[in-house]
Amino acid sequence: MSVPETVREIRLARRPQGRPVAADLAVVETPAPKPAAGQVLLRNRWFLLFAGLATLLGETPPGTPFPPIEPGDTLFGPAVGEVVDAPAGSGLRPGDLVVHFRGWREYAVADPAELTPLVEELADPAAHLAPGSVGYGVLTRIAPVRPGDTVLVTGAAGGVGTLAGQTARLLGAGTVIGTTGSPAKAERLRELGYDAVLVDERTGDGPGRAERFARQLAEAAPDGIDLLIDNVGGHQAEAALAAARPGARAALVGVLSGQLGDTPAAHPPLRLDAFQLIIKGVRLVGCGNAGQAEAEAAWRPRFGEWLREGRIAFPHVRVSGLERAPRAFQEMTEGRHFGTVLVELPAE
Ligand SMILES: NC(=O)c1ccc[n+]([C@@H]2O[C@H](COP(=O)([O-])OP(=O)(O)OC[C@H]3O[C@@H](n4cnc5c(N)ncnc54)[C@H](OP(=O)(O)O)[C@@H]3O)[C@@H](O)[C@H]2O)c1
């Protein structure tokens, strides 16, 4: 495979003011990267667009597990790349596909230790970027789902949520409820197997929105919820925790309402009724990166099996071409897509 002299990558052009827009990102032509001794040269084939990037582009809160991205920096994130050149003894050969973390560019160099081979059970290489291990890790390890549980997944129409709801059902949940900002997506979530979908339209911001949401939740789960997978934070998480049944478990996974809200605040505070949480014995757990590698390793073959058996769907959008990534990212932050959003780069 011949490598061109210059290649393209996406950099942060300027710090976003509020929700990121396409113009905050720039497609830049740059000399092709040269692997140092012991490094692998990769040609990227797919990379993931993900909401967490909005946190890294803004005022990154202390403790964020990835470095902030400064104007001029190349973006990064999960990608599947094809090995172009690998050092002898690395076990890698040209043409091998690997998962790594240097997306948003046509070519990348990485140390062999940073690369994960694809698993055979998951036939579609791009499906290795599906963010399903988060929900799988919660449902099998962090707060294992029990038969018959009523499970609430907030942000159900995103990459994490579309897979988490289906996974909860496959692992024995009784009732699966999701939330979305869009009536059209609610319909698609029902088709995916969600029993009930709460629509929390962002255009309805202002007094009464939180109460309307809490009323919908009370109707959908009159006896409360057993397990929460919260991707949104804010008033959705507050209502969900208020609806927790005795012994409920709540996994705090994401903060979409802050990341993709109009103001750059990635960590909106939660108002909790501590007394109720105490007497009900509710277990609240923050799900950071810890244990993520193990969950990912367990998730991928299981996902592959479920896909092959037709028991799970992988809702996703494939956007073709690096130059379309900034626009697709803006559309993702505006909630225009359903499920996982991938950028596909042409094979040679
Ligand atoms: N803890 C971990 O290990 C881990 C791992 C992966 C992801 N995460 C976090 O989990 C969350 C979900 O990730 P994801 O990949 O599923 O996200 P995603 O697919 O990028 O989410 C996009 C969806 O967010 C919703 N959204 C947009 N603006 C919103 C707002 N103001 N309030 C609420 N929802 C809004 C939209 O859906 P609707 O139109 O349906 O509302 C949109 O389609 C993120 O916060 C991410 O950072 C955590």
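Residues numbered from 1 in each chain as written. Predicted model: local features only at pLDDT ≥ 70, side-chain atom pairs only at ≥ 80, totals over all residues. Heavy atoms only, no water.

The name given to the protein chain in an unreviewed UniProt entry is Enoyl reductase (ER) domain-containing protein, and the organism recorded there is Kitasatospora cineracea.

Peer 1: In this structure, what is going on with the site of the ligand? I would like to understand it.
Peer 2: Around the ligand, the structure places 28 residues, and the nearest of them are Gly-159, Val-160, Thr-180, Gln-259 and Cys-287. The separation between an oxygen atom of the ligand and a polar main-chain atom of Gly-159 is 2.7 Å. Within the side chain of Gln-259, one N or O atom sits 2.6 Å away from an oxygen atom of the ligand. Notes on the ligand: free accessible area 940 Å², of which the protein chains cover 88%. Listing elements by their share of the shell around the ligand, those giving two or more residues are helix 3 (159–170), helix 7 (256–259) and helix 10 (325–333). (Near = heavy atom within 4 Å. Polar contact = N/O pair within 3.5 Å; in protein donor to acceptor, adjacent residues only side chain to side chain. Areas by Shrake-Rupley, 256 points an atom, 1.4 Å probe, with all protein chains shown as cover. Helix = DSSP H or I, 4+ residues; strand = E, 2+ residues; numbered from the N terminus.)

Peer 1: I'm lost on the pairing of strand 4 (residues 79–85) in this one. Help?
Peer 2: Where a strand is regular, its side chains alternate between the two sheet faces. For strand 4, the buried fraction is high: six of the seven residues fall into the buried class. As defined by bridge partners, strand 3 (residues 40–49) adjoins strand 4 across six bridges and the pair is classed as antiparallel. Opposite Leu-41, over in strand 4, you have Asp-85 as the bridge partner. (Buried < 20%, exposed > 50% of the residue type's maximum accessible area, 1.4 Å probe, protein only. Pairing = 2+ DSSP bridges.)

Peer 1: Is there a simple way to explain the packing of helix 5 (residues 209–220) against helix 6 (residues 234–242) in this structure?
Peer 2: When two helices pack together, their arrangement is captured by the angle between the axes and the distance separating the axes. Two elements in contact, helix 5 and helix 6, have axes separated by 9 Å at closest approach and are oriented at 40 degrees. By the angle class used here, helix 5 and helix 6 are oblique. For the pair helix 5 and helix 6, the crossing hand works out as right-handed. Residue-level contacts link Arg-209, Ala-210, Phe-213, Ala-214 and Leu-217 of helix 5 to His-235, Gln-236, Ala-239 and Ala-240 of helix 6. Partitioning the contact of helix 5 with helix 6 into residue classes produces six nonpolar, two polar and one charged. (Axes fitted to C-alpha atoms, helices over the stretch in contact; angles between N-to-C directions. Parallel < 35°, antiparallel > 145°, perpendicular 65-115°, else oblique. Left-handed = near helix turned anticlockwise from the far one by under 90°. Contact = heavy atoms within 4.5 Å. Nonpolar A, V, L, I, M, F, W, Y, C, P; charged D, E, K, R; others polar.)

Peer 1: Quick question: what am I supposed to make of a nonpolar patch on the surface here?
Peer 2: A cluster of nonpolar side chains, contributed by Phe-275, Ile-278 and Ile-279, occupies part of the molecular surface with about 360 Å² of accessible area. Relative to the assigned elements, Ile-279 resides in helix 8 (residues 274–280). Judged by relative accessible area, Ile-279 falls into the exposed class, the value being 53%. (Patch = residues over 30% accessible without salt bridge, like charges linked within 9 Å, V, L, I, M, F, W, Y side chains within 5 Å. Salt bridge = Lys/Arg side-chain N within 4 Å of Asp/Glu carboxyl O.)

Peer 1: I tried to follow the side chain of Thr-333 on my own but got confused; where do I start?
Peer 2: Within the fold, Thr-333 resides in helix 10. Within the local environment of Thr-333, its side chain forms a polar contact with the backbone oxygen of Gln-330, the two atoms lying 2.8 Å apart. For Thr-333, the contacting residues outside a window of four places in its chain are Arg-19, Pro-20 and Leu-260.

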